[in-house]
Amino acid sequence: VTETVSVALGDRSYDVKIGSGLLAQAGHLIAPLLRRKRVAIVTDLTVAMLPHLEALRASLEAASIEYNTVVLPAGEATKSFAELERLCDALLELEVERGDLVIALGGGVIGDIAGLASGLLKRGIDFVQIPTTLLAQVDSSVGGKTAINAKAGKNLVGLFNQPRLVIADTNLLDTLPKRELLAGYAEVVKYGLIGDRPFFEWLEVNGQKLLDGDKDARVRAVQVSCAAKARIVEADERETNLRALLNLGHTFGHALEAATGYGDRLIHGEGVSIGMALAFELSARLGLATRQDSERVTRHLKSVGLPTTIREIKGLPLDTATIISHMTHDKKAKGGKLTFILARGIGDAFVTSDVAMEKVRDVLTA
Ligand SMILES: NC(=O)c1ccc[n+]([C@@H]2O[C@H](COP(=O)([O-])OP(=O)(O)OC[C@H]3O[C@@H](n4cnc5c(N)ncnc54)[C@H](O)[C@@H]3O)[C@@H](O)[C@H]2O)c1
Ligand SMILES: [Zn+2]
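Model, not experiment: these values are computed from the prediction.

(A) Representation of the environment of Ala258 within the structure. With respect to the helices and strands, Ala258 occurs in helix α10 (residues 250-259). For the pair formed by Ala258 and Gly271, sequence separation is 13 residues and the distance between their alpha carbons is 9.9 Å.

Put into structure tokens, the structure is as follows:
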């Protein structure tokens, strides 16, 4: 079965198709979007070595769609001006025209840079996301944020640019390293914590099954996650307020990522996992959420193998002052006010910039 989540944004509306084995239908799903039967596939070297690229090509061939492939290096460093230039030049070399279509086959890195290049080339070429990581399937492929990194920080050069279609084939996750899968799972849990307590409770029962490869559980989790993100993006596409809810755990998480150099010590979803545990701890200390809820969040994240404390980060210990300085640096642009996503309980998060730094310091130190 294929599940469909619609993202309703007027003339920029699109569907997210979710299913196991869906890649085989990609050609037929994409064909109606084409003016001429030609596409450019953008992927990274790791994904290009997996059977997924071949499967996509076969599916395009079955729909008589011609394709060229641009392969970028794998990893966060690819979200750079240098690689963006290389990608744009490569697509121009292929004589990609307006009305043509770019397919981003990969994780959030490929989705972000290919989505940005598509928005820039000839002032806008359509693109389709075929996310291959759990993080990309539940988060980055939906919502239209695209960006590369700059010297001053992550994701600072980008566009809001919605895809024409998202095809999430949960079978592609079979080749994903366990650590990447778990990191993406943190974002799945996030949707339960933000606004869907029953989904969190479902994850308590089914989360491990999903991580172990259960097909139905994967499709369900991706569907619920995409639907939650779609509703938030529909309400606030350009993040004037509500969309910030998606940053639950990210104020702490980003600071921890920055403090560890955005590298192998701590990958994004792991930072988010610790950040969500801290956000609930802070919420409990402020008397907003119950202790039970805060402990329940930590217990579930721990039970699947995600980190929930700063102590678990390998390498030199991180001190509170360093983390706070990264938090405040991150938000300087926003008038010096730190935005936090706190919760009145599991499934009841809200955005606030009214948190005493003293309390934040206490939580980090504890
Ligand atoms: N645009 C948004 O709204 C948004 C939201 C969240 C995150 N992001 C961005 O997404 C990026 C992180 O995404 P990610 O975690 O997908 O990282 P990623 O794209 O780097 O993928 C992680 C690793 O897994 C490999 N990989 C991808 N698919 C695979 C598969 N099926 N099997 C085996 N290996 C596979 C990749 O080559 C890479 O080495 C960050 O740059 C972040 O800023 C964007
Ligand atoms: Zn995230």
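(B) Layout of the pairing of strand β9 (residues 165-169). Where burial is concerned, most of β9 is hidden: 5 out of the 5 residues are buried. Every second residue of β9 is oriented toward a common face, with Leu165, Ile167 and Asp169 on one face and Val166 and Ala168 on the other, all of them buried. Bridge count for strand β2 (residues 14-19) against β9 is 5 bridges, and the pairing is parallel. Directly across from Lys17, in β9, lies its bridge partner Ile167. In this sheet, β9 lies alongside strand β6 (residues 126-131) in parallel orientation, the contact comprising 2 bridges. Each bridged residue has a counterpart across the sheet, and for Gln129 the counterpart in β9 is Val166.

(C) Representation of helix α5 (residues 108-120) within the structure. Between its first and last C-alpha, α5 extends 18 Å over 13 residues, near the 18 Å set by a 1.5 Å rise per residue. Within α5, 12 of the 13 residues are buried, which leaves the element mostly enclosed by the surrounding structure. Listed as buried for α5 are Gly108, Val109, Ile110, Gly111, Asp112, Ile113, Ala114, Gly115, Leu116, Ala117, Ser118 and Gly119. Positive backbone phi, approximately 50°, marks Lys122, located one or two places after α5.

(D) Representation of the packing of aromatic side chains within the structure. This structure, assessed with the given rule, holds 2 aromatic pairs. Summarising the aromatic geometry, the rings of Phe199 and Trp202 are spaced 5.9 Å apart at their centres and angled 15° between planes, so their arrangement reads as stacked. Taken as a pair, Phe199 and Trp202 lie in helix α8 (residues 197-211) at a separation of 3 residues, close to a single helical turn. The burial state of Phe199 is the same as that of Trp202; both residues are buried. Above the plane of the ring of Trp202 lies Arg220, whose end atom (NZ or CZ) is 4.7 Å from the centre. Arg344 extends its terminal NZ or CZ atom over the ring of Phe350, reaching a point 4.1 Å from the ring centre.

(E) Representation of the nonpolar core in the model. Among the nonpolar cores identified, the biggest contains 53 residues, and Val16, Tyr185 and Leu193 are the most heavily contacted of them. Apart from the residues within four sequence positions on either side, Tyr185 is in contact with Leu134, Leu203, Gly207, Leu210, Leu211, His300, Val304 and Leu306. Listed in part, the 22 residues of the second largest apolar core include Ala26, Val47, Leu60 and Val128.

(F) The arrangement of the side chain of Lys190 in detail. Here Lys190 is to be found in helix α7 (residues 178-195). Not counting chain neighbours up to four residues away, the residues in contact with Lys190 comprise Asp139, Leu246, Leu248, His250 and Met276.

(G) Quick peek at the site of ligand 1. As a matter of local geometry, ligand 1 sits amid 26 residues, with Asp44, Glu76, Thr132, Thr133 and Thr175 nearest to it. Side-chain polar atom of Thr46 to an oxygen atom of ligand 1: 3.5 Å apart, as the coordinates give it. In this structure, a nitrogen atom belonging to ligand 1 sits 2.9 Å away from a side-chain N or O atom of Asp112. For ligand 1, the accessible surface in isolation is 870 Å², of which the surrounding protein chains cover 88%. Of all the secondary-structure elements, those providing two or more residues to the shell around ligand 1 are α2 (45-48), α5, α6 (134-140) and β8 (153-160). Partitioning the shell around ligand 1 into residue classes produces 8 nonpolar, 9 polar and 9 charged.

(H) Molecular detail of the sheet that holds strand β5 (residues 101-106). Spatially, the 7 strands line up as an open sheet ordered β1-β2-β9-β6-β5-β3-β4, and their pairing is mixed. Each end of this open sheet is capped by a strand with a single partner; those strands are β1 (3-7) and β4 (66-72). The sheet shows a mean angle of 20° between the axes of neighbouring strands, direction not considered. Helix-sheet contacts for helix α3 (residues 51-62) involve β3 (38-44), β4, β5 and β6, and the interaxial angle to β3 is about 175°. In this fold α5 packs onto β3, β4, β5 and β6, with an angle of close to 165° to the strand it touches most, β5.

Parameters and conventions
By convention here, each chain's residues receive numbers from 1 onward along its written sequence. Going through the entries in the order they are written, you letter the chains from A and number the ligands from 1. Only residues with pLDDT of at least 70 are given local features in this predicted model, and only at 80 or more are side-chain atom pairs given and counted; all residues enter the totals for whole chains, interfaces and linings. Where side-chain values are given, they derive from all heavy atoms of the structure, hydrogens and water being excluded. Strands are runs of DSSP state E lasting at least two residues, helices are runs of H or I lasting at least four, and both sets are numbered from the N terminus onward. Remark: exposure states derive from per-residue accessible area (1.4 Å probe, protein chains only) relative to the maximum for the residue type, with buried under 20%, exposed over 50%, and partly exposed in between. Pairing between two strands is assigned when DSSP locates at least 2 bridges connecting them. For a helix, the expected span equals 1.5 Å multiplied by the residue count minus one. Any two of the Phe, Tyr and Trp rings considered here, Trp counted by its six-membered ring, make a pair once their centres fall within 6.5 Å; the pair's planes then place it as stacked at under 30 degrees, edge-to-face at over 60, or tilted in between. Here, over-ring charges are defined by two tests on the NZ atom of lysine or the CZ atom of arginine: distance to the ring centre within 6 Å, and angle to the ring normal within 35 degrees. For this analysis, a nonpolar core means a set of buried residues of the types Ala, Val, Leu, Ile, Met, Phe, Trp, Tyr and Cys, connected via side-chain atoms within 4.5 Å. Contact criterion: two residues are considered in contact whenever any of their non-hydrogen atoms come within 4.5 Å of each other. Summary of the distance rule: residues count as near a molecule or strand when at least one heavy atom falls within 4 Å of that molecule or strand. Definition of a polar contact: a pair of N or O atoms within 3.5 Å, with one able to donate and the other able to accept a hydrogen when the atoms are protein atoms, and with sequence-neighbouring residues admitted only if both atoms are side-chain atoms. In this description, accessible areas are obtained by the Shrake-Rupley approach with a 1.4 Å probe, and a residue is regarded as covered only by the protein chains that are shown. Any residue that is not Ala, Val, Leu, Ile, Met, Phe, Trp, Tyr, Cys, Pro, Asp, Glu, Lys or Arg is counted as polar, Gly included; the first ten are nonpolar and the last four charged. As a rule, the C-alpha atoms of each element are fitted with a line to give its axis, helices using only the stretch in contact, and angles between N-to-C directions run from 0 to 180 degrees.

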